[in-house]
Amino acid sequence: RDRDRARERATDEHRSRSNKDSDRDRARQGYAGAGDDGDRERPTGVSQKKPLSWVLQKLCVRVIAKGKHYTKKGHVYDIVDRHHCTLRMDDDGALVDGVTEDMLETIVPKRAGQDVMIVRGKYRGQVAVMHSRDAAKERCVLQIDTAVETMPFDNICAFV
C-alpha cells in the first residue's frame, strides 16, 4: 500500500509540474457548495487577478472548471467587475457567481448560417454570420457586414 501511495504521489507531482503553465488546467479546480442565497454558487481556488478580456454579456459558454457544472453550458448573465462574471446555467437555471474567464471556453455553433459574436480582435463586440467552419484547423469563415473574414474558433462565440 505504501508503494502505491508513493507512486500516486509521484504521478500527481509530475502532473502538477507539467500542467503548471496551462491556463485551462489551472481553471479546473472545484466549486464550493451552494451559497447563502440558495441557487447561487461560488467557485473556489481559482486565480482572481486576471481581468476579463473576452467575456461579454449574453455569450454562450461552457464551464471547464472541475465541479458541479463541469462541461455544462450557460450564458453570461452579468459582468460583476473587471475579473468576475455571473453565469446562468442552461440545464437548471442556477446562477453561478464569481466566475473568472479561465474557467470558461467559447462555444462555436455547429451549423453554418448562425450568428456569432466576435470576442477578440479588431471586430470585437460585433455580430457576424458564420458561413462555414473547419474543425480540423479550428477556423471558420464569417461575414461581418460586407467583409468576409476567416477567424480562429477562440475569437468567436455563440450568443443569446
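We now turn to the structure provided with this report. (Residues numbered from 1 in each chain as written. Predicted model: local features only at pLDDT ≥ 70, side-chain atom pairs only at ≥ 80, totals over all residues. Heavy atoms only, no water.)

Quick notes on the overall build of the protein
Line of reasoning, step 1. Within the protein one finds two helices and twelve strands.
Line of reasoning, step 2. The order of helices and strands in the protein, counted from the N terminus, is α-α-β-β-β-β-β-β-β-β-β-β-β-β.
Line of reasoning, step 3. A fraction of 48% describes how many contacts in the protein between residues 6 or more apart in sequence connect residues 24 or more apart. (Helix = DSSP H or I, 4+ residues; strand = E, 2+ residues; numbered from the N terminus. Contact = heavy atoms within 4.5 Å.)

Structural notes on the environment of G125
Line of reasoning, step 1. In this structure, G125 sits in the loop between β8 (115-118) and β9 (127-134).
Line of reasoning, step 2. Overall, G125 belongs to the partly exposed group, its relative accessible area being 41%.
Line of reasoning, step 3. In sequence terms G125 and L56 are 69 residues apart; their C-alpha atoms lie 7.9 Å from each other.
Line of reasoning, step 4. Apart from residues no more than four positions distant in its own chain, G125 is found in contact with L56, M117 and I118. (Buried < 20%, exposed > 50% of the residue type's maximum accessible area, 1.4 Å probe, protein only.)

Considerations on the pattern of salt bridges
Line of reasoning, step 1. Under the counting rule described, the total for this entry stands at one salt bridge.
Line of reasoning, step 2. Notably, a salt bridge pairs E105 with R62, separated by 3.2 Å at the nearest N-O pair. Highlighted residues: E105 in strand β7 (residues 104-106) and R62 in strand β3 (residues 60-63), separated in sequence by 43 residues.
Line of reasoning, step 3. For E105, a relative accessible area of 18% translates into the label buried. (Salt bridge = Lys/Arg side-chain N within 4 Å of Asp/Glu carboxyl O.)

Here's the deal with the sheet that holds strand β10 (residues 139-144)
Line of reasoning, step 1. Here we have five strands laid out as an open sheet, ordered β11-β10-β9-β8-β12, and antiparallel in their pairing. The sheet terminates laterally at β11 (147-152) and β12 (156-157), the two strands that pair on one side only.
Line of reasoning, step 2. The pairing of β8 with β9 spans three bridges and is classified as antiparallel. Within the sheet, the bridge partner assigned to V116 lies in β9 and is A128. (Pairing = 2+ DSSP bridges.)

Bear in mind that shape data such as this cannot, by itself, settle questions of function.
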